[in-house]
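Structure at a glance
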Amino acid sequence: MLTLAVLLPFAAAALLAFAPVPAGASRAIAIATAALALLALVVVWAGFTPGAGFQAVTEAPWLPALGVAWRVGVDGLSLPVALMSGLLFVAAIAWPMEREVNARQYYAWFLFLEGASLGLFLTLDLLLFYVFFDLSLVGMYFLIGRWGHGEAQRAALKFFLYTLAGSLLILLAIIALVLMTDPLTFDMRELIALQPVAGMDVRAGLILLGFVIGFAIKTPLFPVHTWLPPAHVDAPGPASAILAGVLLKMGVYGLARIAMQMMRETFAAWALAIGIVALISILWGSIVAFAQENFKRRIAYTSVNHMGYAVLGIAVAGSAVTGHEAARDLALAGAVVEMVAHGLITGALFLIAGAFWARTQDYELDHYGGLAGNAPRMMAAMGLASFASLGLPGLASFVAEVQIFIGAFAIWPWLAALALLGLIVTAALFLGMLQRIFFGDRPPALDGFTDLTRTEGCILAALLALVVLIGVWPAWLLDMIAAGPALAFGGG
Amino acid sequence: MPVADLGPEIALIAGASAALLLAMVLPQQRLGWCLAPALAALAVAALWAFAQRSEARLTFSGTWALDGVTLWARLMIVVATALCLILAPRWFARDRRHGEFYTMTLFSALGAIAMAGAADLLQLVMAVLLSSVTGYVLAAWHRDWALSVEAGMKYFLIGALANALLVIGVILVMGMAGTSDYAGLKGLDVSSPLALTGLALIVSGLAFKLGALPGHAWVPDVAEGAPVPAAAFLTVVPKIGAALALYRLVHLFPDAEMLRPLIAALSVATMSLGNLAALWQTDVRRLIGWSSVSQSGYALMAVAVADLAPGALPWLIWFLAAYALANVTAFAVVAQLRGRTALSGYAGLARTRPAMAAALIVAFLSLVGIPPLIGFVGKLGLFLVTIDGGYAWLALAAVLNTVVSLFYYARVIAPMYFADPPGAPPATLGLSSHAVVVLCAGALIGVGIGSSPFLAEALATVILP
């Protein structure tokens, strides 16, 4: 079933790439494929037992000489993120294209990207993880470069170069980690059980450094986040939603799955340093976002801030081999919820930003104002998403951030206290953005501004309904995650 | 004498002679028919080599190693040569005397195979000379085109110097060790300064054939000026022979104190220089040439850790195969576009010639090492053995270089895929080059995903002595 969810989008992408399908039909094929992939994931979810290790596992040999095989399976860490990704892909593919050029290839690349993204979260093989990591870069590069606007090619290239540098560091670290096993194996479950670098000092530290830098670029964390704003600003709205909603999660997921679970001792030794980097990202992301006059760029920087929370949660969860178990479980569950919540919320925000671009080709806050009258539905959607993003109780982010902060206060109180400052700045920047877009005097040029269409409205409603649902009734999600010691130590 | 041991090589000579005789009697517009005996000879050579796949012994009084390395060199070189030759008939359709091109190419391929198979220093010298002398002619084939003549001239001047150094090196090593055959040299103490100098000179002579520092300067000129089929051949085939010959050398003297650091240093210098020089090229053929220099640098990584890591040899072979396939694909695309070489000429190619654009993108991404293309499997193996062999810093340097290399490949990919075509679709060469492009691009993906059986075969490779 999981194999189907990964391979189906690839197959459909190949079909669209080579067969002369008309634009309308290719859109229908793409939506249907994404929905089927999501359905496959939901079927797996229906048979999922929380806290019972890796499930729905399938294996097939690929490079037996290296111990590489096609291995897929899910646990409480990967299933929520994969489900969120599957949903967000349906939303992004169904969202109307900004520039209706070459629709067939646009949808082909989107499906290719979906296959790579789901593959990354579902695979249990370290080499396949890297393969999907790289493929996601290729897909996103072509999407930004071809269908973006402004300096799209430049932004796409910067994105590709930065993240390829990160991914190659990860490759070196993976190789160095795997070379510790005999016979060679890239099986994540075995690596988690073996803890190959336990008891080593310098070498383990260097391997961890490779993983942390590589995943920090992808997440992104300060100071290697600079590829993110141009990539977001120049990308088409749906691609931005995927970039923020799905691709950034790969960094956090990798940090949790590989660095935290496979190198428990080393990660614990360096957890505080990772926590401090996360803190800087939280503060830096929010303060810089506050200074942006381009509202898509502003939303982009809040991703740095939010991913900082998620990484802080992971750092707390991996901070000690023993002690403070309850707090660490809480932080880990918080980090996973943050990944899901951020995917839904920021995905929705970037889709809305795409709707603005489709209408005005402008992201400058100064050029907007007084749209509450023209576009009440848009105001409602953007308002709800913004409130969710700033962590209003009753919405999804709040659930996540509360758990991360409680966990962090138990381990590093001063760090958690400083991180709280980020919340205040975020609140200010979102409220300011809403006010300047929707209230005040409306510039005459915006008189013809139209509200959300029905398609756009339905997609946003579905995403935001989940945000509210997680906010008021998080139990089902937390059950699925079931962050116990089993999760922190892998295979929960 | 066990003549049959050299069956594949003799088949090449026979094919070359047949092509030459045919060229003498055919009218100009039929000269392309010389391809037939050449391809037949290559097919016989491949089958014969395959029939000898389980052999592992020295033959011809110990001057020729009939082992796994030779087997793989034969197979890779034969396939690469065939692919390059198929491009030739249409490319040379208006050339007055291209019948000899097939002969010359087959002799050059023979030289490359002999480099990899040599188990004697003098045999190595002969092989390098055969490969070089024919190479000069191939590079300068368009003799009324200044760039082609310049390429041949540069190739010749650098080659003459490098070959002289090689011969001096061989004489020094022979003089100090008292023998020239590998079985006698194996494990011999080479700590005397003269012998070490000799080894270094041999390395620099082979680096010329490999297109690595310090003998790399001919590569971009040949890539730009030589006829495209010859450029594809010269940037690929001698490299395979030279890399394997170098591997044999390090395998002979695993404990020579400065050999590995020297090769590691050459590796870093080569990959860095190749990539930096390629960065701002506006000529696609030169760009591919410089990229081929940097790829030699990667290949040297596996040579530097020869015998230190158990998989160094098979992964070197696999990397060479991946490189050869990707480079031939890139040049085949250039050939199919009738040698179009200005970067601006590639704008909008994805709209006008989608198959060519897709193949070139796949070839470049394979050279970068993006999975699941075959280039990724090769590079993964190189990183694996380099770290395993204790040269992690070399792997790190290769990673930095890979990121840099993506930049210039993207400078070709981006206008191809993102820009609008300036005018009418570019003229193409013909069906045969189109077929080569499609076949190679398909192999880049297909063999990449299905590496496993080939790799299992390569992992069992035996090296003598």
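Residues numbered from 1 in each chain as written. Chains lettered and ligands numbered in written order. Predicted model: local features only at pLDDT ≥ 70, side-chain atom pairs only at ≥ 80, totals over all residues.

**A few points about the overall build of chain B**
Across its full length, chain B holds 19 helices and 2 strands. The C-alpha atoms of chain B give a radius of gyration of 21 Å, which matches the 23 Å a tight globule of 465 residues would have. Counting only C-alpha atoms, chain B reaches 65 × 55 × 40 Å along its principal axes. Put simply, chain B has 465 residues, and 63% of those count as buried. Long-range contacts, defined here as pairs at least 24 residues apart, represent 80% of the contacts in chain B between residues at least 6 apart. (Helix = DSSP H or I, 4+ residues; strand = E, 2+ residues; numbered from the N terminus. Rg over C-alpha atoms; globule rule 2.2 N^0.38 Å. Buried ≥ 20, exposed ≤ 12 C-beta atoms within 10 Å, placed from the backbone. Contact = placed C-beta atoms within 7 Å.)

**What about the overall build of chain A?**
Along chain A, the regular secondary structure elements total 19 helices and 2 strands. Radius of gyration (C-alpha) of chain A: 21 Å, near the 23 Å computed for a compact globule of 492 residues. Sorting the 492 residues of chain A into buried and exposed places 63% on the buried side. Once local pairs closer than 6 in sequence are excluded, the contacts in chain A between residues at least 24 apart make up 81%.

**Section: the interface of chain A and chain B**
Opposite the 24 residues of chain A that make contact, chain B presents 24 residues. Elements represented by at least two residues in the side of chain A that touches chain B include exactly strand E1 (55-63), helix H5 (126-147) and helix H6 (152-178) of chain A. The leading source of residues in the side of chain A that touches chain B is H6(A), at 12 residues. Each residue belonging to the side of chain A that touches chain B can be placed in one class, and the counts come to 20 nonpolar, 2 polar and 2 charged. (Nonpolar A, V, L, I, M, F, W, Y, C, P; charged D, E, K, R; others polar.)

**Details of the confidence of the model for chain B**
When pLDDT is averaged along chain B, the result is 92; 100% of the residues meet or exceed 70. Quick note on the complex model: pTM equals 0.92, ipTM equals 0.87. (pLDDT = per-residue confidence, 0-100.)

**Some points on the packing of helix H3 (residues 68-91) of chain B against helix H10 (residues 228-252) of chain B**
All names here are of chain B. Two elements in contact, H3 and H10, have axes whose closest approach is 8 Å; the angle formed by their N-to-C orientations is 170°. The pairing of H3 with H10 is recorded here as roughly antiparallel in orientation. Contact with H3, carried on its side by Val69, Ala73, Met76, Ile77, Ala80, Thr81, Cys84, Leu85, Leu87, Ala88 and Trp91, involves Val228, Pro229, Ala232, Phe233, Val236, Val237, Ile240, Gly241, Leu244 and Arg248 of H10 and no other residues of that element. For the contact of H3 with H10, the residue count by class is 18 nonpolar, 2 polar and 1 charged. (Axes fitted to C-alpha atoms, helices over the stretch in contact; angles between N-to-C directions. Parallel < 35°, antiparallel > 145°, perpendicular 65-115°, else oblique.)

**Quick notes on the pairing of strand E2 (residues 68-74) of chain A**
All names here are of chain A. Counting buried positions over the 7 residues of E2 gives 5, a clear majority of the element. As judged from the 6 bridges shared by E1 and E2, these two strands associate in the antiparallel manner. Residue pairing for E2: Ala60 is matched across the bridge by Trp70. (Pairing = 2+ DSSP bridges.)

**A few points about the packing of helix H13 (residues 325-360) of chain A against helix H17 (residues 454-472) of chain A**
Residues and elements named next belong to chain A. Contact geometry of H13 with H17 gives a least axis separation of 10 Å together with a crossing angle of 155°. Viewed along their axes, H13 and H17 adopt a mutual orientation that is roughly antiparallel. Viewed along their axes, H13 and H17 form a crossing whose handedness is left-handed. Counted together, Ala341, Leu344, Ile345, Gly347, Ala348, Leu351, Ile352 and Ala355 of H13 and Glu456, Ile459, Leu460, Leu463, Leu464, Leu466, Val467 and Ile470 of H17 form the full contact between these two elements. A class-by-class count of the residues in the contact of H13 with H17 yields 14 nonpolar, 1 polar and 1 charged. (Left-handed = near helix turned anticlockwise from the far one by under 90°.)

**Quick look at the environment of Ala173(A)**
Residues and elements named next belong to chain A. Take Ala173: it is sitting in helix H6. With 37 residues separating them in the primary sequence, Ala173 and Gly210 have C-alpha atoms 5.5 Å apart. Beyond its immediate sequence surroundings of up to four residues, Ala173 is in contact with Ile207, Gly210, Phe211 and Gly214.

**Side note on the nonpolar core**
Formed by 414 residues in total, the largest nonpolar core has its most connected members in Ile352(A), Ile240(B), Val303(B) and Leu316(B). In terms of residues, this core owes the most to one element, helix H13 (residues 312-336) of chain B, which gives 21 residues. (Core = buried A, V, L, I, M, F, W, Y, C linked by C-beta atoms within 7 Å.)

**Some details on helix H17 (residues 392-418) of chain B**
For H17(B), with 27 residues, the first-to-last C-alpha span of 37 Å sits near the 39 Å given by 1.5 Å per residue. Along H17(B), 19 of the 27 residues are buried, which leaves the element largely enclosed by surrounding structure. (Expected span 1.5 Å × (residues − 1).)

**Comments concerning the environment of Ala269(A)**
All names here are of chain A. Turning to its location among the elements, Ala269 is positioned in helix H11 (residues 264-290). Judged by the 18 C-beta atoms lying within 10 Å of it, Ala269 is partly exposed. C-alpha separation for the pair Ala269 and Ser319, spaced 50 residues apart in sequence, amounts to 7.3 Å.

**Considerations on helix H1 (residues 7-25) of chain B**
All names here are of chain B. For H1, built from 19 residues, the straight-helix expectation of 27 Å at 1.5 Å per residue is met to within 8% by its first-to-last C-alpha distance of 27 Å. Among the residues of H1, those classed as buried are Pro8, Glu9, Ala11, Leu12, Gly15, Ala16, Ala19, Leu22 and Ala23. Down the axis of H1, the buried side of the element spans an arc of 155°, and every buried residue falls inside it. Exposed residues lying more than 90 degrees from the buried face of H1 are Met24 and Val25. (Arc of directions from axis to C-beta.)

**Some thoughts on unusual backbone geometry**
Residue Pro223(A) is bonded to the preceding Phe222(A) through a cis peptide linkage, with omega at 0°. Looking at the secondary structure, you find Pro223(A) in the loop between helix H8 (202-218) and helix H9 (228-234). Omega for the peptide link from Leu213(B) to Pro214(B) comes to 0°, which places this bond in the cis form. Position of Pro214(B) relative to the elements: it lies in the loop between helix H8 (193-210) and helix H9 (218-225). Positive phi, close to 55°, is recorded for Asn102(A), a residue that is not glycine. For Asn102(A), a count of 17 C-beta atoms within 10 Å corresponds to the partly exposed category. In this structure, Gln361(A) takes a positive phi of about 55° despite not being glycine. Note that Gln361(A) resides in the loop between H13 and helix H14 (376-389). A tally of 10 C-beta atoms within 10 Å means that Gln361(A) is categorised as exposed.

**What to know about the environment of Ala88(B)**
All names here are of chain B. Within the fold, Ala88 resides in helix H3. Given 28 C-beta atoms within a 10 Å radius, Ala88 is considered buried. Residues Ala88 and Gly68, spaced 20 residues apart in sequence, show a C-alpha to C-alpha distance of 30 Å. Beyond its immediate chain neighbours, meaning those up to four positions away, Ala88 contacts Leu35, Phe101 and Pro229.

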